[in-house]
Amino acid sequence: RETPARYAVEIVLRDEPTLPAQGEREPYAAPLPIETGARWYAGDFHVHSRESGDARPPIEEVLEVAAANGLDFVLLSEHNTNSQLTLYGAAQADSDVLLLPGVEFTTYAGHANGIGVTEWVDHRIGVRGATIDEAIRDMHEQGGLISINHPLLAVGDLCIGCAWEHDVDPLEIDAVEIRTGILPGQSYWEDLVAVGSRAAAIGGSDDHRAGEGTGPLDSPIGTPTTLVWADELSVEGIVRGVRDARTVVKLNGPEDPMLETEIVGRRNGDTVLSRGPTAILRAIVTGGAGGVLRSVQNGSVIDEVDVDNDPFVHEIEVALAAVGEDRYRHEVADTEGRLQSISSYVWLRAESANEEDDGCAVMRESTAGGWIWLGLAVLLILRARLCSAGSCRSKAQPGVRAARPRVTTQSLP
């Protein structure tokens, strides 16, 4: 072999265009909220258009399929480019399906989505000093989230670099695809949160053909479907919902049961603060009659019941950890034991005295006048002095972990 290698380039000029004309490109601007109001919004976090280079459909076709499949949003995760964003304006104007900005950060040691990322991120790890840590920091500085895609997809030459092999701080990972099309990733997610990550569970179809793929690994847009609890259907609302781990993944598509995990207490992001010594863990299942509901604590099933009505509510009483925190989620399986829906974890810990004081110290606008605020300020100062002298105690009452949870099942009429 010669060094440097020899190569030839052949250029063919044609009189007729080989691709249809594209729409006008313009700088990206986040759209106004498409819908206001807090609810679960359904979407797909991993879809490709022809801007990726290895995919076929134009953006308009992606939106048509997403709408037909009942989705509220879709993220075009193009490979290492943000060129799709220059077409978002015209495409979004004709659709009620929200286009989320983002990128599929594609390397030889794994793929990840930059959810909400709008600026190009250097993916050439090892070239001119580029590192994975700098790339993650770049995404976060843009206000975006990083989600690991198909983390276990190791299939040799069929998908070089598709499995996640980067060594990163687990705390820097915001989400994980627990299902990519038909490919599992749940075990990787469980291992990651077990070592400290607060990653939300999400899913993505990895659709490259706008629902028309026929290969064994192809899945249409919306398979799986991710539900995100958000205050509104907007880029900011969906990103915030994922950051707070307010997500549920319907593994096989939008027809799977809906599942909600709640813990009675004061929720702050992905954590519920309780004054203990116990709290109520609640699951609400819709469309899952005939299946099985499992309650999961720290990766282990602690309770399993048949879903015998629709909607179905199930509650158990759990003890707060004496030290630290526990995490809880639910999952629904069909009669054959196949998983259908999985919620993200919710972390539960005892509320400390400092957290209570912080909450009380937040002043809100009032029409009662300045004298009320002055009086409150004096009371807070006196309380702070008493506490510093050891005269007040935390109201949190962490208890000993119960040997068996108390179970209550409700079937709503």
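Before reading further, recall that the structure is shown in the block above.
Note that the coordinates shown come from a computational prediction; the quantities given were computed from them, not determined experimentally. (Residues numbered from 1 in each chain as written. Predicted model: local features only at pLDDT ≥ 70, side-chain atom pairs only at ≥ 80, totals over all residues. Heavy atoms only, no water.)

For the rest of this paragraph, the subject is the overall build of the protein. Looking only at helices and strands, one finds seven helices and 22 strands in the protein. By residue count, 47% of the 413 residues in the protein fall in the buried class. Only carbon and sulfur atoms are counted for the fraction: they give 51% of the accessible area of the protein, which is about 21100 Å². (Helix = DSSP H or I, 4+ residues; strand = E, 2+ residues; numbered from the N terminus. Buried < 20%, exposed > 50% of the residue type's maximum accessible area, 1.4 Å probe, protein only. Areas by Shrake-Rupley, 256 points an atom, 1.4 Å probe, with all protein chains shown as cover.)

Let's shift gears to the pattern of salt bridges. For the coordinates displayed, the defined rule picks out 19 salt bridges. Taking the shortest distance from any N to any O, the salt bridge between Glu 236 and Arg 240 comes out at 3.3 Å. Linking Glu 236 with Arg 240, this pair stays in helix α5 (residues 235-243), spanning four residues, or about one helical turn. Glu 236 sits in the exposed class, given a relative accessible area of 55%. Here Arg 275 makes a salt bridge to Glu 351, at a shortest N to O gap of 3.2 Å. With Arg 275 in the loop between β14 (271-274) and β15 (278-286) and Glu 351 in the loop between β21 (346-350) and α6 (353-360), this pair connects stretches of sequence that are 76 residues apart. Using a relative accessible area of 42% as the deciding quantity, one classes Arg 275 as partly exposed. (Salt bridge = Lys/Arg side-chain N within 4 Å of Asp/Glu carboxyl O.)

Let's shift gears to helix α4 (residues 186-194). Regarding α4, the residues found buried are Gln 186, Tyr 188, Trp 189, Glu 190, Leu 192 and Val 193. Against β6 (145-148), β7 (175-180), β8 (183-184), β9 (200-204), β19 (326-333) and β20 (339-343) lie the buried residues of α4. Phi for Gly 196, located one or two positions after α4, is positive at around 115 degrees. (Contact = heavy atoms within 4.5 Å.)

Let us now look at helix α1 (residues 59-68). Ile 59, Glu 61, Val 62, Leu 63, Val 65 and Ala 66 are the residues of α1 that are buried. The elements touched by buried residues of α1 are β1 (35-47), β2 (73-76), α2 (88-93) and β3 (98-100). Directly beyond the C-terminal end of α1, a positive phi value near 80 degrees is found at Gly 70.

What follows concerns the environment of Pro 27. Relative to the assigned elements, Pro 27 resides in the segment before β1. Judged by relative accessible area, Pro 27 falls into the exposed class, the value being 74%. It is 5.4 Å that separates the C-alpha atoms of Pro 27 and Thr 86, two residues lying 59 residues apart in sequence.

The next thing to look at is the nonpolar core. Core analysis: the largest hydrophobic core is formed by 30 residues, its most contacted members being Ile 59, Leu 99 and Leu 293. Contributing elements (two or more residues each) for this core: β1, α1, β2, α2, β12 (258-263) and β15. Considering each element in turn, this core owes the most residues, five residues, to α1. The contact partners of Leu 293, leaving out residues within four places of it in the chain, are Leu 259, Ala 283, Val 285, Asp 303, Glu 304, Val 305, Val 307, Phe 312, His 314, His 330, Glu 331 and Val 332. Membership of the second largest hydrophobic core comes to 28 residues, among which are Ala 112, Ile 132, Ala 135 and Ala 199. (Core = buried A, V, L, I, M, F, W, Y, C linked by side-chain atoms within 4.5 Å.)

A cluster of acidic side chains, namely Asp 133, Glu 134, Asp 167, Asp 169 and Glu 172, defines a negative patch on the protein surface. Relative to the helices and strands, Glu 134 is located in helix α3 (residues 132-141). (Patch = residues over 30% accessible without salt bridge, like charges linked within 9 Å, V, L, I, M, F, W, Y side chains within 5 Å. Lys, Arg positive; Asp, Glu negative; His and termini not counted. Charge placed at Lys NZ, Arg CZ, Asp CG, Glu CD.)

Structurally, Thr 106 is set in strand β4 (residues 102-107). For Thr 106, the side chain forms a polar contact with the side chain of His 79, separated by 2.9 Å. Excluding its chain neighbours within four sequence positions, the residues that come into contact with Thr 106 are His 79, Asn 80, His 111 and His 123. (Polar contact = N/O pair within 3.5 Å; in protein donor to acceptor, adjacent residues only side chain to side chain.)

Now for the side chain of Ser 274. Along the polypeptide, Ser 274 turns up in strand β14. Given the relative accessible area of 9%, Ser 274 is considered buried. Polar side-chain contacts of Ser 274 include one of 3.2 Å to the backbone nitrogen of Gly 276. The contact partners of Ser 274, leaving out residues within four places of it in the chain, are Val 264, Ala 279, Leu 320, Leu 348, Arg 349, Ala 350 and Glu 351.

What follows concerns the packing of aromatic side chains. Tallied over the full model, the rule gives five aromatic pairs. Relative to Tyr 345, the ring of Trp 189 has its centre 5.3 Å away and its plane inclined at 35 degrees; by these criteria the two rings are tilted. Taken together, the positions of Trp 189 in helix α4 and Tyr 345 in the loop between β20 and β21 put the pair 156 residues apart, joining distant regions of the chain. Judged by its relative accessible area of 0%, Tyr 345 is buried. Among the aromatic residues, those joined into a cluster by ring pairs are Trp 189, Tyr 345 and Trp 347. Across the ring face of Trp 347, the terminal group of Arg 198 is positioned such that the distance to the ring centre comes to 4.2 Å. The cationic tip of Arg 327 hangs over the ring face of Tyr 345; the distance from NZ or CZ to the ring centre is 5.0 Å. (Phe/Tyr/Trp six-rings, centres within 6.5 Å; stacked < 30°, edge-to-face > 60°. Lys NZ or Arg CZ within 6 Å of the ring centre and 35° of its normal.)

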